[in-house]
Amino acid sequence: MLDAVESKMREYIGRLENEEIATLFEALPHGKRLRAKLVLKVAKESEDAVALAAVIEMIHAASLLHDDVIDDATTRRGVPSMNATEGNKQAIMMGDILYSKGFEELTAFDRKIAATVARAVTQLSIGELMDVRLGERFNPDVDAYMRMIYQKTAALIEATAASAALLAGRDEKIYGLYGKNLGIAFQIIDDILDITQTSEQLGKPAMHDFEEGKTTLPYIYLYEALDEKGKERLVSLHRKKLNDEERAWIVGMMEETGALRRAYLYARELGEEAAALMEGEGETSLAEIVTAMIEREF
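Residue numbers here run from 1 along each chain, matching the order of that chain's written sequence. Local features are withheld for residues below a pLDDT of 70 in this predicted model, meaning they are given only at 70 or higher, and side-chain atom pairs are given and counted only at 80 or more; totals for whole chains, interfaces and linings count all residues. Computation of side-chain values: all heavy atoms of the structure, hydrogens and water removed.

Colleague: Honestly, the overall build of the protein in this entry has me stumped. Any pointers?
Modeller: Only DSSP runs of H or I covering at least 4 residues are called helices, and only runs of E covering at least 2 are called strands; the numbering of each starts at the N terminus. Looking only at helices and strands, the protein has 16 helices and 2 strands in total. The globule rule used for comparison is 2.2 Å times the number of residues to the exponent 0.38, while the radius of gyration itself is calculated over C-alpha atoms. Radius of gyration (C-alpha) of the protein: 19 Å, near the 19 Å computed for a compact globule of 298 residues. Principal-axis analysis of the C-alpha atoms gives the protein an extent of 60 × 45 × 30 Å. Residue exposure (1.4 Å probe, protein chains only): buried if accessible area is under 20% of the type maximum, exposed if over 50%, otherwise partly exposed. Within the protein, the fraction of its 298 residues that count as buried is 53%. Any two residues having at least one pair of non-hydrogen atoms within 4.5 Å are treated as being in contact. In the protein, once contacts between residues fewer than 6 apart in sequence are set aside, the share between residues at least 24 apart is 73%.

Written as structure tokens, this is what we have:
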């Protein structure tokens, strides 16, 4: 059914009757299609579920295009990003087109479903702004970071599960909480992998998050565990192009202080809560998605 979602997105783009937009759309990386999978599993692969999954994936793709411009990213999942190949203007405009077309197609759904997704996109946009603001300096505030990743990442996953539940006549609050926990855990695992995986595995430079200004959860936990001298050194490396010795020091201290382990255990705790919610609903496959996400290596 994921193929049906891809076909539906192409159908939506085809309605624009613009060959350049169609070509640019085909150049976008597909990614994991996590949101589409959630819709199809919750709403059971109906025609409406395919359409909702396509709308949400278009909105997600739009946010990634804007993110890459904001972050000056040159790759996305190991391939050149659109802003790198086509320029920032084209990437931003393509993102705007995907957002706009997604919202146009969203109006075909029940008002409550449309409102659920629309509210999440507002949160997503606020989260993008907060991400930029937090990246201006080293951020040691766990609460500020958690609010930002909820808005930027988890809110849309929460809305994906909740809107699919509404479509299927299920309890949107239970499914929404599942999506929220899944989304936060997903982002924390991404934070960890940026530190532990190689550039080849990530499809982008390792530790790129810290170099571009993001103080992700493992760095905050590391900061809390260091003495004053260590804190000063860590802060001095923020937004800096790291050399091999500096990278090795960060990874070594992450392991020595247990910062990485602490971040992983928190993500796993959130994941286990999400899985338990779905097991209570008899949704074994949704519980398995959480396990696969927590244990992934890229």
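Colleague: I keep staring at the pattern of salt bridges and nothing clicks. Help me out?
Modeller: Any two side chains of opposite charge can pair, so long as their charged atoms come close to each other. One speaks of a salt bridge when a side-chain nitrogen belonging to Lys or Arg is within 4 Å of a carboxyl oxygen belonging to Asp or Glu. Tallied over the entire structure, the rule returns 24 salt bridges. One salt bridge in this structure joins Lys214 and Asp71, with 3.8 Å as the shortest N-O distance. Taken as a pair, Lys214 in the loop between helix H11 (208–211) and helix H12 (217–225) and Asp71 in helix H4 (residues 47–71) lie far apart in primary sequence, 143 residues in all. Residue classification places Lys214 among the buried positions, given a relative accessible area of 14%. Using a relative accessible area of 23% as the deciding quantity, one classes Asp71 as partly exposed. Between Glu136 and Arg133 there is a salt bridge, with the nearest N and O atoms lying 3.0 Å from each other.

Colleague: Would you mind going over helix H1 (residues 2–14) with me for this structure?
Modeller: Residues spaced three or four apart along an α-helix face the same direction, because each turn holds 3.6 residues. Working rule for helices: expected span equals 1.5 Å times residues minus one. Here H1 contains 13 residues, and its C-alpha end-to-end distance of 18 Å stays within 8% of the 18 Å for a straight helix at 1.5 Å per residue. Taken residue by residue, H1 has Val5, Glu6, Lys8, Met9, Tyr12 and Ile13 as its buried positions. One face of H1 carries all of its buried residues, which in axial projection span an arc of 160°. Considering only its buried residues, H1 is in contact with helix H2 (19–26), helix H3 (34–43), H4 and helix H6 (88–106). Read the arc as the range of directions from the helix axis to the C-beta atoms.

Colleague: It is not clear to me how a positive patch on the surface should be interpreted in this structure. Could you clarify?
Modeller: Taken together, the side chains of Lys32, Lys37, Lys41 and Arg77 make up a positively charged region of the molecular surface. Tracing the sequence through the fold places Lys41 in helix H3. Patches in this entry comprise residues that are over 30% relatively accessible and not in a salt bridge; like charges within 9 Å are linked, as are nonpolar side chains (Val, Leu, Ile, Met, Phe, Trp, Tyr) within 5 Å. Per-residue and other accessible areas follow the Shrake-Rupley method at a 1.4 Å probe size, with only the shown protein chains counted as cover for residues. Only four residue types enter the tally: Lys and Arg on the positive side, Asp and Glu on the negative side, with His and both chain ends excluded. Lysine's charge is taken at NZ, arginine's at CZ, aspartate's at CG and glutamate's at CD.

Colleague: It is not clear to me how the packing of helix H7 (residues 111–134) against helix H8 (residues 142–168) should be interpreted in this structure. Could you clarify?
Modeller: Two quantities define a packed helix pair, namely the angle between the axes and the distance from one axis to the other. Where helices are involved, their axes are fitted lines through C-alpha atoms of the stretch in contact, as for all axes, and angles between N-to-C directions lie from 0 to 180°. At a minimum axis distance of 8 Å, the contact between H7 and H8 shows a crossing angle of 165°. Classified by the angle their axes make, H7 and H8 are roughly antiparallel. Our pair here, H7 against H8, has a crossing hand that is left-handed. We call Asp, Glu, Lys and Arg charged. Ala, Val, Leu, Ile, Met, Phe, Trp, Tyr, Cys and Pro are nonpolar, and the rest, Gly among them, are polar. In terms of residue class, the contact of H7 with H8 is built from 16 nonpolar, 5 polar and 4 charged. Throughout, the term roughly parallel applies to angles under 35 degrees, roughly antiparallel to angles over 145, roughly perpendicular to angles from 65 to 115, and oblique to all others. Two helices cross in a left-handed way if the nearer one is turned anticlockwise from the farther one by less than a right angle. They cross in a right-handed way if the turn is clockwise.

Colleague: What is the right way to read unusual backbone geometry from this model?
Modeller: Negative phi values dominate among residues other than glycine, just as trans dominates among peptide bonds. Within the chain, Arg33 stands out as a residue other than glycine whose phi angle is a positive 55°. Within the fold, Arg33 resides in the loop between H2 and H3. A positive phi angle, close to 55°, is found at Asp72, a residue other than glycine. Note on placement: Asp72 falls in the loop between H4 and strand S1 (75–76). Judged by its relative accessible area of 59%, Asp72 is exposed.

Colleague: I would appreciate a short explanation of H2 in the present structure.
Modeller: Burial in H2 covers these residues: Ile21, Leu24 and Phe25. When H2 is viewed along its axis, its buried side chains cluster within an angular range of 100° and face the same direction. Exposed and facing more than 90 degrees away from the buried side of H2 are Glu19, Glu20 and Thr23. Those residues of H2 that are buried are in contact with H1, helix H5 (82–86) and H6. For H2, the N-terminal cap is Asn18; the gap from its side-chain oxygen to the backbone nitrogen of Glu20 is 3.1 Å. Polar contacts here mean pairs of N or O atoms no more than 3.5 Å apart (in protein, one a potential hydrogen donor and the other a potential acceptor; neighbouring residues in sequence count only if both atoms are side-chain atoms).

Colleague: Any chance you could explain the side chain of Ser163 here in plain terms?
Modeller: In this structure, Ser163 sits in helix H8. There is a polar contact of 2.8 Å between the side chain of Ser163 and the backbone oxygen of Ala159. Setting aside chain neighbours within four positions, we find Ser163 in contact with Leu52, Ile56, Ile113, Thr116 and Val117.

Colleague: Explanation requested: the environment of Lys41 in the structure shown.
Modeller: Overall, the relative accessible area of 31% leaves Lys41 in the partly exposed class. It is 30 Å that separates the C-alpha atoms of Lys41 and Ile21, two residues lying 20 residues apart in sequence.

Colleague: When you look at the packing of aromatic side chains in this model, what are you seeing that I'm missing?
Modeller: By convention here, two paired aromatic rings are described through the distance between centres and the angle between planes. The pairing test for Phe, Tyr and Trp rings, Trp by its six-membered ring, is centres within 6.5 Å, and the orientation test on the planes gives stacked under 30 degrees, edge-to-face over 60, and tilted for anything in between. Tallied over the full model, the rule gives 3 aromatic pairs. An angle of 85° between the planes, with centres 6.4 Å apart, marks the rings of Phe138 and Phe210 as edge-to-face. Residue Phe138 is located in the loop between H7 and H8, and its partner Phe210 is located in helix H11; the two are separated by 72 residues in the primary sequence. Given the relative accessible area of 9%, Phe138 is considered buried. Seen in terms of ring centroids, Phe138 and Tyr223 are 5.1 Å apart; in terms of plane orientation they differ by 45°. Their pairing is tilted. Highlighted residues: Phe138 in the loop between H7 and H8 and Tyr223 in helix H12, separated in sequence by 85 residues.

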